[in-house]
Amino acid sequence: MGSLDAPIPVDTDLDGPAYWYATSGHDLERMMQLAGIPETAQHPFLDFYRNVLCPALGDKPEHPGSSCPSQRSSVLGWDGNPFEYSFEFKGSTNKAGVRFAADFTEHRPNNSLNPLSMSQSRRIIDYLRTDIPGFDSTWNEAFDKFFSVEDISPEQQESLIGEVGFQTPMMLGFDIKPSMLDSSSPSSSPHIVPLMLKSYYTPHYMSLARNMSNNFDAIKASIQQLPNLEQTNPNILKALDMLDSYLATKPESYKQSAQYMATDFVSPTKARLKIYFRFYNPSPGKDYEFDDIWEYYTLGGRIPGLDGDRDMLRDLIGLVGGHTSPSSVTQDRSETSTDKDTKWKPDKVRVPKTRRKPIALYFSLTPDNPYPTPKLYYNPAQSSKLPDDLSIARGIDAWMEMYGWADGGLSVEERVGRVFSHRQLEEKNGIFTFIAFGRKEDGGVIGSEQLGELGKKKVQTSLSVYMTPELYENPRFC
């Protein structure tokens, strides 16, 4: 293990796998160290990362500004890089979870014969099949078959990519879980990888290829075709119906803004389904209003037991967005603003890229709940009141202090500042991609005060801090 704060120079002569380990691998190593993950869990994860994930990422990025027609971009990082990391907090700064998502689409170089191939992700899934305790791919396999468009010609695939605007058919999410080592039995694989795995499918290509009405209808159909769902998971169908009934009251654009369908690699009796949406401002050209955000978060009041989230969510948006009045959330502000409190002059090329992801939400459908569990993702780059990542980090830390979560652990400013060595947080924004707030299911239900006997299981509020390493904008070459 290297020094935690030492900058890591990246040799331009490194091949692709070595490059990805020298950059993202060391980012994740520092995140695990800062989260207090024991070395007994760090070592098997890093071995897996180096030997399995890094080769699947292909070649290293090109130098910024160079012309490389064979290199494509991911939808995951705002600059096109294939990563998003996160720290997750649940009521305390003393303990943080470490997660990341990665896009293994063949972007470097582009797979011109099958540009929407998901083969690299499938190889990773197959590798982990025997190395994660409790691994079950039943639902993932059903979604893989449903969303794949790999059987159409390369020209048709390229046409779909051009219409959709990005080339990412699926992604994988990894939740580093040291407890997986404790739960493994002596008869299981001797090479346990301490991870929980998730898959994320984009519905856009299949929806267009099959002439479906919108992305949400494609996702709904993918859920309804899961085997034995009505008999084994009736609550998932009830929660889906609630979400569908809310969207039916909204413009068609709400359904079309469905972005991902995600599932866990556990038994269908325990697995969650997560449907992600982008939330575009209902009043373009004006500010996001908190009441609009809250209305979506609660599905118009359909989801019970969320009253305690309202002030926490409003204060979080106010603090990470730098707004003096949290009741109105600024989506954008022109360079000619008369606000005298900021001297920041936005980069006319870079800022639109960091802002291309609007506010987002997911709704989790679980076997335990007859209604969805929400989580809101706020992109702090939408606000021009906090011009750099340091200001955003301090806004998050202020929220932690306000709600008593700052109980002696490292601050977000300290954690994130020590993860990334390629630049200082105060230089600009772009490292923070989303600040996410919502209910964390622990196999239980929310709103116990309204649900009687159903409400006995534990549920926590969680805050997740999402970051991207900017590896296309700044590959960190020497």
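A. Inspection of the environment of Asp 244 at higher detail. As for its position among the elements, Asp 244 is in helix H10 (residues 234-247). In this structure, the C-alpha to C-alpha distance between Asp 244 and Lys 255, residues 11 residues apart in sequence, is 8.9 Å. Sequence-distant contacts of Asp 244, that is, excluding residues within four places in its chain, are made with Phe 216, Lys 220 and Lys 255. Side-chain polar atoms of Asp 244 contact the side chain of Lys 220, separated by 2.9 Å.

B. How the structure looks around the pattern of salt bridges. This model, assessed by the stated rule, comprises 24 salt bridges. Measuring nitrogen to oxygen at the nearest pair gives 4.0 Å for the salt bridge that ties Asp 175 to Lys 177. Judged by relative accessible area, which is 29%, Lys 177 ranks as partly exposed. Close ionic contact of Asp 309 with Arg 439 constitutes a salt bridge, the shortest N to O distance being 3.0 Å. Taken together, the residues Asp 309 in the loop between helix H12 (290-297) and helix H13 (310-321) and Arg 439 in strand E11 (residues 432-441) connect sequence positions 130 residues apart. Judged on exposure class, the residue Asp 309 and its partner Arg 439 are both buried.

C. Representation of the packing of aromatic side chains within the structure. In the structure shown here, the tally under the stated rule is 40 aromatic pairs. Aromatic pair Tyr 276 and Tyr 362: ring centres 5.2 Å apart, planes at 65°, arrangement edge-to-face. Of this pair, Tyr 276 sits in strand E6 (residues 273-279) while Tyr 362 is found in strand E9 (residues 359-365), placing the two residues 86 residues apart along the sequence. Look at Tyr 276 and you get buried, because its relative accessible area is 11%. Accessibility expressed as a relative area gives 4% for Tyr 362, which makes it buried.

D. Geometry of unusual backbone geometry. Cis geometry marks the peptide bond from Arg 108 to Pro 109, where omega comes out at -5°. Assignment of secondary structure puts Pro 109 in the loop between strand E2 (97-102) and helix H3 (119-128). Even without being a glycine, Asn 211 presents a positive backbone phi close to 55°. For Asn 211, the position within the fold is in the loop between helix H7 (204-209) and helix H8 (215-224).

Conventions adopted
- Residues numbered from 1 in each chain as written.
- Predicted model: local features only at pLDDT ≥ 70, side-chain atom pairs only at ≥ 80, totals over all residues.
- Heavy atoms only, no water.
- Helix = DSSP H or I, 4+ residues; strand = E, 2+ residues; numbered from the N terminus.
- Contact = heavy atoms within 4.5 Å.
- Polar contact = N/O pair within 3.5 Å; in protein donor to acceptor, adjacent residues only side chain to side chain.
- Salt bridge = Lys/Arg side-chain N within 4 Å of Asp/Glu carboxyl O.
- Buried < 20%, exposed > 50% of the residue type's maximum accessible area, 1.4 Å probe, protein only.
- Phe/Tyr/Trp six-rings, centres within 6.5 Å; stacked < 30°, edge-to-face > 60°.

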